[in-house]
Amino acid sequence: MSKSLLTALLLSGTALAHSHLAHILINGALYHGFDPTPGKANYPDRVGWSSSNIDDGFVSPRNYSTPEIICHLSGAPPKAHAPIRAGDRLHVQWNGWPQNHVGPVLSYLAPCKNTQDGCGSVDKTALRWTKIDDSAPVLIDPLSSDGGPPGSGRWATNVLIGQNNSWQVEIPSWVKPGPYVLRNEIIALHFAKDLDGAQNYPLCMNLWVEAPIAAPTRTFALDEHDARTFYKPTDPGILFGVNNGTPLSTYKVPGPTLHAGAKPVPHSLQLMSLSKSAGTPVAVTKATQTVKFTAAPAKREAEATEAPKMKGRYNRQG
Ligand SMILES: *[C@@H]1O[C@H](CO)[C@@H](O)[C@H](O)[C@H]1NC(C)=O
Ligand SMILES: *[C@@H]1O[C@H](CO)[C@@H](O)[C@H](O)[C@H]1NC(C)=O
Ligand SMILES: [Cu+2]
């Protein structure tokens, strides 16, 4: 039996709460995410993708080349989209985050092309992504006042926790109007010194990008990365001894290169956003226009169909 398998077995009893997408906020308007825990009746007008990770868990490096890494385990899109102008910032609100789950926070954007309903029934394997945030640079804080081990520094996750577990993402002003999937991801590195020890938490949500707030000064083409090629289990930013005294300055954020036209919100400007109103999600018709989303009644889908199938599958380390 391998050492890491033994560790996994020893830790399997300690089911820690990890996280999911609680909601997103766009200029104070709140749109619902998705809660995969059994028995949750999710909002019918949610913009967060559904998944089958009923323990709020993660995707493992061994699944980096499978569809699971795209939008989490069995990820599937909702019909609704949150409208946002190009150049606007949105707040991704995670449902909590454990202090020890340190790592980078990443964001990717993919247009939904050749569809009749925007991203509402998009084939996730056809999505091609542009990295718009890699939460770099990692701040160096030798006193490690944020709960990390001595010398470990200050990770993007520490900043996220400090802002009520939320992260701000800017949609670049040159992004053309239309339907998009935003993929916000935390890679937790607390077990990443072992192969297959990193934990990826990708959250997907549907957006309807509208004309920019201000005309862009430059335009760019989007990148075309397949999420199944983002990471390899042996990448230096994936296989990384976070508690080994490895200097944080040597940490290399994994995945494709940040797009030259991306405008990540720096750590120092990350802040909380209070909900002022309920957002009005839209349904996309003909991929070029929208109507106000009118939701069917909520189904208790997790309870009815997911729970029995999932039983006993999630003996995983926190
Ligand atoms: C990995 O993928 C398999 C097959 O798709 C899935 O059953 C399993 O739950 C996944 N686990 C993790 C931790 O990624
Ligand atoms: C903090 O996050 C929770 C969800 O995790 C949310 O319900 C709450 O409104 C947030 N509080 C603030 C002040 O943003
Ligand atoms: Cu966890």
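Note that this is a predicted model, so its numbers are computed, not measured.

Thoughts on the overall build of the protein
Here is step 1 of the chain: What the protein contains, in helices and strands, is four helices and twelve strands.
Here is step 2 of the chain: Expressed as a percentage of its 318 residues, the buried residues of the protein come to 54%.
Here is step 3 of the chain: The contacts of the protein with a sequence gap of at least 6 include a subset with a gap of at least 24, amounting to 79%.
Here is step 4 of the chain: When the accessible area of the protein is evaluated, it comes to approximately 14,000 Å², of which 56% is carbon and sulfur surface.

A word on the packing of aromatic side chains
Here is step 1 of the chain: All told, the structure shown has ten aromatic pairs when counted by the stated rule.
Here is step 2 of the chain: Ring centres 4.8 Å apart and planes at 80 degrees place the aromatic pair Phe-240 and Tyr-251 in the edge-to-face group. Of this pair, Phe-240 sits in the loop between strand S9 (199–210) and strand S10 (277–278) while Tyr-251 sits in the loop between S9 and S10; the two residues are eleven residues apart in sequence, bridging distant segments of the chain. Judged on exposure class, the residue Phe-240 and its partner Tyr-251 are both buried.
Here is step 3 of the chain: Feature note: the residues Phe-58, Trp-94, Trp-97 and Tyr-201 constitute an aromatic cluster, connected by ring pairs.

A word on the confidence of the model for the protein
Here is step 1 of the chain: The predicted model of the protein averages 86 in pLDDT, with 82% of residues at 70 or higher.
Here is step 2 of the chain: Per-residue pLDDT stays below 50 along residues 1–15; that stretch engages in eight contacts with residues further than four places along the chain or on separate chains.
Here is step 3 of the chain: A low-confidence stretch, residues 300–318 (pLDDT under 50), is modelled with 41 contacts involving residues beyond four sequence positions or located in other chains.

Brief notes about the site of ligand 2
Here is step 1 of the chain: His-23, Gln-93, Trp-94, Asn-95, Asn-164, Ser-273 and Leu-274 make up every residue found near ligand 2.
Here is step 2 of the chain: The side chain of Gln-93 places a nitrogen or oxygen atom 3.1 Å from an oxygen atom of ligand 2.
Here is step 3 of the chain: Side-chain polar atom of Asn-164 to an oxygen atom of ligand 2: 2.6 Å apart, as the coordinates give it.
Here is step 4 of the chain: Here ligand 2 has 360 Å² of accessible area as a free molecule, and 56% of this is covered by the chains.
Here is step 5 of the chain: Counted by class, the shell around ligand 2 contains two nonpolar, five polar and no charged residues.

Quick word on the pattern of salt bridges
Here is step 1 of the chain: Enumeration according to the criterion identifies nine salt bridges in this entry.
Here is step 2 of the chain: A salt bridge links Asp-194 to Lys-193; its shortest N-O distance comes to 3.7 Å.
Here is step 3 of the chain: In the salt-bridge network here, residues are joined through shared partners; they are Arg-128, Asp-226 and Arg-228.

Focus: empty space enclosed by the protein
Over the atoms, a rolling probe the size of a water molecule traces out where space has been left empty.
Here is step 1 of the chain: Here the structure, examined in full by the defined rule, presents one cavity of 30 Å³ or more.
Here is step 2 of the chain: Counting residues per element, the lining of the largest cavity draws most heavily on S9, which supplies three residues.
Here is step 3 of the chain: For the lining of the largest cavity, the per-class residue count stands at eight nonpolar, six polar and no charged.

Here we look at the state of the cysteines
Here is step 1 of the chain: Under the criterion given, the structure shown has two disulfides.
Here is step 2 of the chain: Residue Cys-71 pairs covalently with Cys-204 via a disulfide, S to S 2.0 Å. For the disulfide bridge between Cys-71 and Cys-204, the dihedral angle about the S-S bond is near -80 degrees, and by the sign convention the bridge is left-handed. Pair noted here: Cys-71 is in helix H2 (residues 68–71) and Cys-204 is in strand S9, with a separation of 133 residues, a long-range link. Of the two residues examined, Cys-71 and Cys-204, each falls in the buried class.
Here is step 3 of the chain: Covalently, Cys-112 is tied to Cys-119 through a disulfide, its sulfur atoms 2.1 Å apart. What sets the handedness of the Cys-112 and Cys-119 disulfide is the S-S torsion sign, and at about 110 degrees it is right-handed.
Here is step 4 of the chain: Residue Cys-112 is classed as buried on the basis of its relative accessible area, which comes to 5%.
Here is step 5 of the chain: Disulfide partners in the protein, listed by the sequence order of the bonded cysteines, are 1-4, 2-3.

Quick notes on unusual backbone geometry
Glycine aside, a negative phi is what most residues show, and trans is what most peptide bonds show.
Here is step 1 of the chain: Its identity as a non-glycine residue notwithstanding, His-72 has a phi of 75 degrees, on the positive side.
Here is step 2 of the chain: Relative to the assigned elements, His-72 resides in the loop between H2 and strand S3 (80–85).
Here is step 3 of the chain: Of note, the phi angle at Ser-74 is positive, near 55 degrees, even though the residue is not glycine.
Here is step 4 of the chain: You can see Ser-74 is positioned in the loop between H2 and S3.
Here is step 5 of the chain: Classification of Ser-74 as partly exposed rests on a relative accessible area of 42%.

Criteria and cut-off values
Residues numbered from 1 in each chain as written. Chains lettered and ligands numbered in written order. Predicted model: local features only at pLDDT ≥ 70, side-chain atom pairs only at ≥ 80, totals over all residues. Heavy atoms only, no water. Helix = DSSP H or I, 4+ residues; strand = E, 2+ residues; numbered from the N terminus. Buried < 20%, exposed > 50% of the residue type's maximum accessible area, 1.4 Å probe, protein only. Contact = heavy atoms within 4.5 Å. Areas by Shrake-Rupley, 256 points an atom, 1.4 Å probe, with all protein chains shown as cover. Phe/Tyr/Trp six-rings, centres within 6.5 Å; stacked < 30°, edge-to-face > 60°. pLDDT = per-residue confidence, 0-100. Near = heavy atom within 4 Å. Polar contact = N/O pair within 3.5 Å; in protein donor to acceptor, adjacent residues only side chain to side chain. Nonpolar A, V, L, I, M, F, W, Y, C, P; charged D, E, K, R; others polar. Salt bridge = Lys/Arg side-chain N within 4 Å of Asp/Glu carboxyl O. 1 Å grid on protein atoms, 1.4 Å probe; cavity = no way out; pocket = protein on both sides within 12 Å on 5 of 7 lines; lining within 4 Å. Points joined across faces, edges and corners; volume = space filled by probe spheres on them. Disulfide = S-S within 2.5 Å.

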